[in-house]
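An overview of the molecular structure
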Amino acid sequence: MEPDRADLKLLELLQRDGRTTVQALSEAIHLSARATLNRVRRLEAEGLIQGYRALVKRAVLGEQVVVFAEMALKDQRQATVQRFEARMVASPEVVACYQISGRYDYLVRVSCHDLARYRELTDGWLDDVGLGIEKIVTNTEWQTIKEFSGFPLPQTKG
């Protein structure tokens, strides 16, 4: 189902703060609390809302080294891709992994306590022949200027 103006406003508000009360949401979209709750539940059931998360202040976790690793695989066979992707999903230090176009196959964001741990991780990945990693190029994050805070939403007509 195509989201209407009220749905898009709900998505905007919930991306900003997933703990916004139904009452506050209903006031923002000018519907009853019951109608608003029904809309939120429908958006969840339809998969437009996939879940809710807490944003943790990284500084509280202590020093973190964050790197963006560009990774190229030796081949694109389905078995290789599936093993690689499963390993990335299973690695707690991998905070994001994207299949990309261009010179590399994947862009992986990794967060570790120090570079020694990052080196240990990447050495293990490279040594695992089944992962099929040909090359890893590491780019260290110096400073986060803007963190992901939600997707831009389409504008409704009328």
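Look up: the structure comes first, before these words.
Quick look at the structure, then. (Residues numbered from 1 in each chain as written. Predicted model: local features only at pLDDT ≥ 70, side-chain atom pairs only at ≥ 80, totals over all residues. Heavy atoms only, no water.)

1. Regarding the sheet that holds strand β1 (residues 65-73)
- The antiparallel open sheet is built from four strands, whose spatial order is β2-β3-β1-β4. Both outer strands of the open sheet, β2 (94-99) and β4 (133-140), are each paired with one neighbouring strand and no more. With strand direction ignored, the average angle separating the axes of adjacent strands in the sheet is 20°.
- Taken together, the seven bridges between β1 and β4 define a ladder with antiparallel strand orientation. Bridged to Ala69 within β4 is Thr138.
- Here helix α4 (residues 78-90) sits on the sheet in contact with β1, β2, β3 (106-112) and β4, set at roughly 25° to β3.
- In this fold helix α5 (residues 115-127) packs onto β1, β2, β3 and β4, with an angle of close to 165° to the strand it touches most, β4. (Pairing = 2+ DSSP bridges. Helix = DSSP H or I, 4+ residues; strand = E, 2+ residues; numbered from the N terminus. Axes fitted to C-alpha atoms, helices over the stretch in contact; angles between N-to-C directions. Contact = heavy atoms within 4.5 Å.)

2. Some points on the pairing of β1
- The element β1 is largely enclosed, with a buried count of seven among its nine residues.
- In the sheet, β1 pairs with β3 via seven bridges, with the strands oriented antiparallel. Residue pairing across strands places Val67 opposite Val110, the latter belonging to β3. (Buried < 20%, exposed > 50% of the residue type's maximum accessible area, 1.4 Å probe, protein only.)

3. A short note on helix α3 (residues 33-45)
- Taking 1.5 Å per residue as the helical rise, α3 with its 13 residues ought to reach 18 Å, and the 18 Å between its terminal C-alpha atoms agrees with that figure.
- Within α3, the full set of buried residues consists of Thr36, Arg39, Val40 and Leu43. Each buried residue of α3 lies within a common arc of 95° when the element is viewed along its axis, so the set occupies one face. What points out from α3, more than 90 degrees from its buried face, is the exposed set Arg34 and Ala45.
- Turning to α3, the residues buried within the fold contact α1 (5-16) and α2 (22-29).
- Looking one or two residues beyond α3, the residue adopting positive phi is Gly47, at roughly 85°. (Expected span 1.5 Å × (residues − 1). Arc of directions from axis to C-beta.)

4. Concerning α2
- Residues of α2 that are buried: Leu25, Ser26 and Ile29. For α2, the angular spread of buried residues about the axis comes to 100°, placing them on one side.
- The inward-facing, buried residues of α2 contact α1 and α3.
- A positive phi of about 60° marks His30, the residue just after α2.

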